[in-house]
Amino acid sequence: MKIAKIIGTLASAGAAVVGFGTKALDFADHIIHRKEYEALAAKKRRNRIIGITLGIIGGVVAILLFPYKFVVEKNGDFEIRTLLLRIYRKTEDYDLPEGGSEAFDIEDAEDGEVVECELIEAED
């Protein structure tokens, strides 16, 4: 049993010496290549700041463009609302002449597509 304790103590002492040696070599490497490590640290800081800024901008744009209201009516009209945009398609209302007895034309329709009709009064 004593041999196992001695070997364990030597192994832990060896690990401590190797750990100290590794730290000393890292410190010496940092001293020798100080400018390179400082440039790398500055680049990491810059990249982190740019990443945070782009993340915030992306989040704000996503919130502004994410639809919070989406309405579809039976006739196919729809409306999408976001905080930044309002997208909608509504059926155009045709302006009927007063009294409804006069003929009217639908805008942007060719002559072949339009059929003239007469209004017939309904019998009660």
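Residues numbered from 1 in each chain as written. Predicted model: local features only at pLDDT ≥ 70, side-chain atom pairs only at ≥ 80, totals over all residues. Heavy atoms only, no water.

### Details of the pattern of salt bridges
Per the stated rule, a full pass over the model turns up two salt bridges. Salt-bridge contacts for E38 lead to R34; the nearest nitrogen and oxygen are separated by 3.1 Å. Taken together, the residues E38 and R34, both in helix α2 (residues 34-65) and four residues apart, mark about one turn of the helix. The exposure class assigned to E38 is partly exposed, which follows from its relative accessible area of 43%. Where E79 meets R81, a salt bridge forms, and the shortest distance between an N and an O atom there is 2.6 Å. For E79, a relative accessible area of 10% corresponds to the buried category. (Salt bridge = Lys/Arg side-chain N within 4 Å of Asp/Glu carboxyl O. Helix = DSSP H or I, 4+ residues; strand = E, 2+ residues; numbered from the N terminus. Buried < 20%, exposed > 50% of the residue type's maximum accessible area, 1.4 Å probe, protein only.)

### Some thoughts on the pairing of strand β3 (residues 86-89)
Sheet topology note: the strand β2 (residues 78-81)/β3 ladder contains four bridges and is antiparallel. Paired with R81 across the strands is R86, a residue of β3. (Pairing = 2+ DSSP bridges.)

### A look at the pairing of strand β1 (residues 69-72)
Side chains on a regular strand alternate between the two faces of the sheet. Note: β1 against β2, four bridges, orientation antiparallel. Bridged to K69 within β2 is R81. Remark: five residues form the turn of the hairpin made by β1 and β2, two consecutive strands paired antiparallel; G76 in that turn has positive phi of roughly 95 degrees.

### So, the side chain of T82
One can find T82 in the loop between β2 and β3. A polar side-chain atom of T82 sits 2.7 Å from the main-chain amide nitrogen of L85. Apart from the residues lying within four places of it in its own chain, the contact partners of T82 are L64, L65, F66, P67 and Y68. (Polar contact = N/O pair within 3.5 Å; in protein donor to acceptor, adjacent residues only side chain to side chain. Contact = heavy atoms within 4.5 Å.)

### A closer look at the confidence of the model for the chain
Summary statistics for the chain give a mean pLDDT of 80 and a share of 75% for residues scoring 70 or more. Model confidence for the chain, summarised as mean pLDDT per element, is weakest for β3 at 76 and strongest for α2 at 94. (pLDDT = per-residue confidence, 0-100.)

### Quick look at the sheet that holds β2
Strand order in the open sheet made by the three strands is β1-β2-β3, with antiparallel pairing throughout. What marks the edges here is a single partner per strand, and that holds for β1 and β3. Recorded for the sheet is a direction-independent mean angle of 0 degrees between the axes of neighbouring strands. (Axes fitted to C-alpha atoms, helices over the stretch in contact; angles between N-to-C directions.)

### Digging into a positive patch on the surface
Taken together, the side chains of K43, K44, R45, R46 and R48 define a basic patch exposed on the protein surface. Of note, K43 is situated in helix α2. Residue K43 is classed as partly exposed on the basis of its relative accessible area, which comes to 47%. (Patch = residues over 30% accessible without salt bridge, like charges linked within 9 Å, V, L, I, M, F, W, Y side chains within 5 Å. Areas by Shrake-Rupley, 256 points an atom, 1.4 Å probe, with all protein chains shown as cover. Lys, Arg positive; Asp, Glu negative; His and termini not counted. Charge placed at Lys NZ, Arg CZ, Asp CG, Glu CD.)

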